[in-house]
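Results of the structural survey
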Amino acid sequence: MSSRRVPLRPAISALPVYVPGARPKVGAAAYKLSSNENPYPPLPSVLAAIIDAASDVNRYPDMFATELTETIGAELTQTLSPEAHDAKGDITAAQVVVGNGSVAVLSHVLEAVVDAGDEVVYPWRSFEAYPIVVSVAGGISVQVPLAEHGRLDLDAMAAAVTERTRVVMVCTPNNPTGTSVTQTDLLAFLAKVPSDVLVIVDEAYLEFVRSDDAVDGLAALAAHSNVVVLRTFSKAYGLAGLRVGYAVARPRLAAGIRAASTPFGVSHVAQQAALASIRAKDELLRRVDSLVEERARMLDGLRAQGWDLVDTEANFVWLPLGERTAACAVEASDAGVIVRPFAGEGIRVSVGETEATDIFLAVAAGWR
Ligand SMILES: *Cc1c(COP(=O)(O)O)cnc(C)c1O
């Protein structure tokens, strides 16, 4: 019997672990502000759709999520700027690829275009799934440091594009710093990137953006064939636990992403919940408005304590605590709010229940 072991791919052995937001201990009362989840439970109409769909789980789901992709296409078409619509017409179902959360969709996008050794440029610090999905797809990460105040450095990202670059990822608002890029900056950036380099615009927090000149990924897609927009039902629509996200791309690229996707990746329950959420959009977006107000209350409260913080356009706030990060996170947890520490860098605090904001503000006051 040989004692040789099955080797793991070096890229897999070297992967950083994805650190999920901590969960409260079983039985302990705590607010979970560690994963940018929506604090509201499902609407009754969405819950009813979930329960109804559950009676069909002995069957495979519709592999092409026909109704969902058609509905998403029609919804997105309604949000298109007149210029984007004039340029490219409606967003069709053929341009929409759904997957098991937008993280899975992102993997499929990379698997569709990245060959072994191709470079993928992205900002850092940014979403912690990025280095993992890039390595798993066989790509090489090229991390471009954030500029001042947690902002994406689009000039440096454009400069990092070489002959070997296959993909550039733009996370806006950026997780975990909350800053967003403007549409003017995005279009200027796209003008510099070669048309055979894919630009992924990750708009996971789009619905929370209130700034002028906000990024309009669909308008960028109408103007540039190398753009893929990523969206999710996990954050604003409150379906993180059911895993539904999607990519929007030109039809040829979308077909490639679909070909790389896990068959039956989105369950029937998840498809029906997403459809019910689209039907309940107005109600859900009112909840987003409340969270945006709560975000302002958290930010104003922290600034009144003397914290120098950048504006956040997402459903979380970033506190650059440096070396004090871990200790502050422990104290917050002891006080009943679980936050997401990035050791040595800072704390990301999701915007959730008003009581949770109050507890966190009281903790933060002691760290000024
Ligand atoms: C939360 C998040 C996502 C969404 O992930 P899902 O897999 O759709 O739940 C995507 N991108 C970023 C930057 C995120 O923070």
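The written sequence of each chain sets the order in which its residues are numbered from 1. Thresholds applied to this predicted model are a pLDDT of at least 70 for local features of residues and 80 or more for the giving and counting of side-chain atom pairs; totals over whole chains, interfaces and linings are not thresholded and use all residues. Values reported for side chains reflect all heavy atoms of the structure, with hydrogen atoms and water molecules removed beforehand.

An unreviewed UniProt entry lists the chain under the name Aromatic amino acid aminotransferase, from Sanguibacter antarcticus. UniProt positions are given in the numbering used here, feature names are shortened, and annotations may be inferred rather than shown by experiment. In UniProt, the chain has this text filed under Subunit (unreviewed entry): "Homodimer."

For the rest of this paragraph, the subject is the environment of Pro-61. Only DSSP runs of H or I reaching four residues or more are called helices, and only runs of E reaching two or more are called strands; each is numbered from the N terminus. Topologically, Pro-61 is positioned in the loop between helix H2 (44-54) and helix H3 (66-79). Burial status follows relative accessibility: with a 1.4 Å probe on protein chains alone, a residue under 20% of its type maximum counts as buried, one over 50% as exposed, and anything between as partly exposed. Judged by its relative accessible area of 14%, Pro-61 falls in the buried class. Along the chain, Pro-61 and Glu-128 lie 67 residues apart, while their C-alpha atoms are 30 Å from each other. Between two residues, a contact is recorded if the distance between any of their heavy atoms is within 4.5 Å. Apart from the residues lying within four places of it in its own chain, the contact partners of Pro-61 are Phe-264, Val-266, Ser-267, His-268 and Gln-271.

Glancing now at the domain arrangement of the chain. The accessible area lost on association of the parts is a frequent measure of interface size. Domain start and stop points were drawn from an automatic or database domain assignment. Domain assignment breaks the chain into domain 1 (10-41 + 282-367) and domain 2 (45-280). Taken over C-alpha atoms, the centre of domain 1 sits 24 Å from the centre of domain 2. At the junction of the two partners, domain 1 supplies 31 residues and domain 2 supplies 29 residues. Buried area adds together the accessible area that both of two parts lose upon being put together, with accessible area traced by a 1.4 Å probe. Summing both partners gives a buried area of about 2600 Å² for domain 1 against domain 2, and 62% of it is carried by carbon and sulfur. Per-residue buried area on domain 1 facing domain 2 is highest for Tyr-18, Leu-284 and Glu-313; these three make up 24% of the total on that side. Should a side-chain nitrogen of Lys or Arg be within 4 Å of a carboxyl oxygen of Asp or Glu, the pair is scored as a salt bridge. On inspection of domain 1 and its partner domain 2, the count reaches 3 salt bridges. For the salt bridge of Glu-128 with Arg-340, the shortest nitrogen-to-oxygen distance reads 3.0 Å. Throughout this description, a polar contact denotes any pair of N or O atoms lying within 3.5 Å of each other; where both atoms belong to protein, one of them has to be capable of donating a hydrogen while the other can accept it, and for residues adjacent in sequence the pair is counted only when both atoms sit in side chains. Here domain 1 is connected to domain 2 by 15 residue pairs in polar contact (both at pLDDT 80 or more). Sorting the residues of the side of domain 1 that touches domain 2 by element identifies helix H1 (10-13), helix H12 (281-304), strand S9 (316-319) and strand S11 (340-342) as the ones contributing at least two each. Take the side of domain 1 that touches domain 2: its biggest share by element is 9 residues, from H12.

Our next topic: the site of the ligand. Near is defined per residue: the residue qualifies when any heavy atom it owns lies within 4 Å of the molecule or strand. In the vicinity of the ligand there are 13 residues, among which Tyr-205, Thr-232, Ser-234, Lys-235 and Arg-243 approach most closely. Interatomic distance of 2.8 Å between a side-chain N/O atom of Asn-175 and an oxygen atom of the ligand. Between Tyr-205 and the ligand, the recorded distance is 2.5 Å, taken from a side-chain N or O atom to an oxygen atom. Coverage of the ligand by the protein chains reaches 93% of its 390 Å² of free accessible surface. Lys, Arg, Asp and Glu make up the charged group, whereas Ala, Val, Leu, Ile, Met, Phe, Trp, Tyr, Cys and Pro make up the nonpolar group; the residues left over, Gly among them, are polar. Its residues assigned to classes, the shell around the ligand comprises 5 nonpolar, 5 polar and 3 charged. To be clear on the numbers: accessible area is Shrake-Rupley with a 1.4 Å probe, and residue cover counts the displayed protein chains and nothing else.

Along the chain, Gln-183 turns up in helix H8 (residues 183-192). Residue Gln-183 is classed as buried on the basis of its relative accessible area of 9%. One polar contact links the side chain of Gln-183 to the main-chain amide nitrogen of Asp-216, over a distance of 2.7 Å. Those residues in contact with Gln-183 that sit more than four places away from it in its chain are Asp-213, Ala-214, Val-215, Asp-216, Ala-219 and Ala-220.

Let us now look at the UniProt feature "domain: Aminotransferase class I/classII large" (unreviewed entry) in the chain. The feature "domain: Aminotransferase class I/classII large" (unreviewed entry), as given by UniProt, occupies residues 32-357 in the numbering adopted here. Within residues 32-357, the helical portion is 42% and the strand portion 16%, while the C-alpha atoms at the span's ends are 11 Å from each other.

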